[in-house]
Amino acid sequence: MKIVLNGEPRVVGADTLSALLEECGFSGRVATAVNEGFVPASLRIAHILKDGDRVEVLAPMQGG
């Protein structure tokens, strides 16, 4: 399936948001949005991705 991940077009095999995070190597605490709508961690396993979805994954950064 073709999606846009953090602004970059990608072809992925994952069909849920949680599977996408695993496939792309995201771990730890991240914030996720699909098509500009926030998806809480508790709902990622049930959030089905569709061809053309725009997914944003944000990880907290340390520093000052």
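Below: a short report on this structure. (Residues numbered from 1 in each chain as written. Predicted model: local features only at pLDDT ≥ 70, side-chain atom pairs only at ≥ 80, totals over all residues. Heavy atoms only, no water.)

Observations concerning the environment of D51
For the record, the criterion: Under the DSSP-based scheme used, a helix requires at least four consecutive residues in state H or I and a strand at least two consecutive residues in state E, with every element numbered from the N terminus. For the exposure calls, accessible area comes from a 1.4 Å probe over protein chains only, and a residue counts as buried if that area is under 20% of its type's maximum, exposed if over 50%, partly exposed in between. Here a polar contact is taken to be a pair of N or O atoms separated by no more than 3.5 Å, where protein atoms must pair a possible hydrogen donor with a possible acceptor and residues adjacent in sequence count only if both atoms sit in side chains.
Along the chain, D51 turns up in the loop between β4 (37-39) and β5 (54-58). A residue is classified by how much of its surface remains accessible, and D51, at 58% relative accessible area, is exposed. Residues D51 and V11 lie 40 residues apart in sequence; the distance between their C-alpha atoms is 9.4 Å. Polar contacts involving the side chain of D51 include one to the main-chain amide nitrogen of K2, which spans 2.7 Å.

Notes on the environment of R44
Tracing the chain through its elements places R44 in the loop between β4 and β5. Looking at R44, the relative accessible area reads 10%, which means it is buried. Along the chain, R44 and S18 lie 26 residues apart, while their C-alpha atoms are 5.0 Å from each other. Within the structure, the side chain of R44 is placed 3.0 Å from the side chain of T32, a separation counted as a polar contact.

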